[in-house]
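Residues per chain are reported as follows:
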Amino acid sequence: MADNIARVFADAIASDPTRPLLTWYDDATGERTELSGATLANWVAKTANLLVDELALSPGDTAGALLPPHWQTAAVLLGCWSAGLTVVDRPGDVDVLFAAADRVTEAQEWSAGDRYALALDPFALPMREVPAGFADYVLEVRGHGDHFTPPPTGGPGDADLLARAADRATELCLASGDRVLFDAAAHPDPVDWLLAPLTAGASIVLCGNLDPSRLDARLAAEKVTRSLA
């Protein structure tokens, strides 16, 4: 069984980096964002380089994440795991904190020297007003390199996360080549909506604020083979 998330991600996009890997919908705003494996890998590499080159973090350090299911969340999480960091979602002492703009008030419960806010803008535009004590993730990450070489052994939590992901892939009946639609509200855990499909070799259609009236058309348009809505 794989014990390195960066390797699992690399394997997931190796056969065809240009194919859609993660498609994000927000039915409250009408947003649709499609990322190929290569595009997501670019965001992941920039995030990992931010952590390593700018913040001097190393395997075993800890990142906090106050983020909902979203394509930018995938970039942050995979970037952290690629750098060997342990990601936590409960308040405590962490080396870096990533928070959605609507959750920055929760940051006072976390001890972190470096804090990044995410507006989760449909076009990944910089924030118009950055919360006090935070840097704008999108603005900061764009200046970093497009390539990153992960540590060979991965982070200390990788093996456990991937074991959970493999179990969930089996429970959710995910298979290689599947195109899986996830209702973000029903599957908020990134082990479900991100790691399980990557482990199985499936691509992802992630839907926030899912409108049931649009589901049938979306299943057809996205050529979904497995719906978890």
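Above this text sits the structure in question.
Residues numbered from 1 in each chain as written. Predicted model: local features only at pLDDT ≥ 70, side-chain atom pairs only at ≥ 80, totals over all residues. Heavy atoms only, no water.

Asks: What am I meant to see in the sheet that holds strand β3 (residues 62–66) here?
Replies: The strands that make up a sheet are held in pairs by hydrogen bonds between backbone atoms, and each pair lies either parallel or antiparallel. The parallel open sheet is built from five strands, whose spatial order is β4-β3-β5-β6-β7. Here the strands that pair on one side only, and so sit at the sheet edges, are β4 (86–88) and β7 (135–136). Against the sheet, helix α3 (residues 71–82) touches β3, β4, β5 (96–100) and β6 (114–118), its axis set at about 140 degrees to β4. (Pairing = 2+ DSSP bridges. Helix = DSSP H or I, 4+ residues; strand = E, 2+ residues; numbered from the N terminus. Contact = heavy atoms within 4.5 Å. Axes fitted to C-alpha atoms, helices over the stretch in contact; angles between N-to-C directions.)

Asks: So what exactly am I meant to see when it comes to the sheet that holds strand β10 (residues 226–228) here?
Replies: Read across the sheet, five strands follow the order β2-β1-β9-β8-β10 without closing on themselves; strand pairing throughout is mixed. Two strands bound the open sheet, and with one partner strand each, they are β2 (31–36) and β10. Each neighbouring strand pair of the sheet contributes to a mean axis angle of 15 degrees, computed without reference to strand direction. Relative to strand β9 (residues 203–208), strand β8 (residues 179–183) runs parallel, the two sharing five bridges. Bridge assignment links Leu181 to a residue of β9, and that residue is Val205. Set on the sheet, helix α2 (residues 37–54) makes contact with β1 (20–26) and β2; between it and β2 the angle comes to about 90 degrees. Packing against the sheet, helix α6 (residues 190–200) makes contact with β1, β8 and β9, and its axis sits at approximately 170 degrees to β9.

Asks: Just checking my understanding: could you explain the nonpolar core for this structure?
Replies: Looking at soluble globular proteins, one finds that nonpolar side chains tend to be buried together. The biggest cluster of nonpolar side chains holds 60 residues, and the ones touching the most others in it are Phe98 and Tyr137. The dominant element in this core, judged by the number of residues it contributes, is α3, at eight residues. Filtering out sequence-adjacent residues up to four positions away, Tyr137 remains in contact with Trp43, Thr47, Gln72, Ala75, Val76, Phe98, Tyr116, Ala117 and Leu118. Counting 11 residues, the second largest nonpolar core, distinct from the first, contains Val104, Ala107, Ala112 and Met127. (Core = buried A, V, L, I, M, F, W, Y, C linked by side-chain atoms within 4.5 Å. Buried < 20%, exposed > 50% of the residue type's maximum accessible area, 1.4 Å probe, protein only.)

Asks: Teacher, can you tell me more about the pairing of β2 here?
Replies: For a regular strand, side-chain orientation follows a simple rule: the groups alternate between the two sheet faces. Here β1 runs beside β2; their pairing, made up of six bridges, is antiparallel. What sits directly across from Asp26, in β2, is Glu31. Counting the residues between successive antiparallel strands, the hairpin from β1 to β2 contains four residues, one of them, Gly30, with a positive phi of roughly 85 degrees.

Asks: What's the story with the packing of aromatic side chains in this structure? I'm lost.
Replies: One pair of aromatic rings is described through two measures. These are the centre distance and the angle between the planes. Counted according to the given criterion, the structure contains four aromatic pairs. Taking the centre distance of 5.5 Å and the plane angle of 20 degrees together, the rings of Phe98 and Tyr116 count as stacked. Here Phe98 is found in strand β5, whereas its partner Tyr116 is found in strand β6, with 18 residues between them in sequence. With a centroid separation of 6.0 Å and an interplanar angle of 85 degrees, the aromatic rings of Phe98 and Tyr137 are classed as edge-to-face. In this pair, Phe98 sits in strand β5 while Tyr137 sits in helix α4 (residues 137–141), placing the two residues 39 residues apart along the sequence. (Phe/Tyr/Trp six-rings, centres within 6.5 Å; stacked < 30°, edge-to-face > 60°.)

Asks: Help me out: how do you make sense of the pairing of β9 in this one?
Replies: Judged by how many residues are buried, β9 sits mostly within the fold: six of six residues are covered. Burial of β9 is two-sided: the residues Ser203, Val205 and Cys207 facing one way and the residues Ile204, Leu206 and Gly208 facing the other way are all buried. Here five bridges tie β1 to β9, and the two strands are oriented parallel to one another. Paired with Trp24 across the strands is Leu206, a residue of β9. With α6 bridging β8 and its parallel neighbour β9, the resulting β-α-β unit is right-handed. (Right-handed = clockwise from strand over helix to strand, strands pointing away.)

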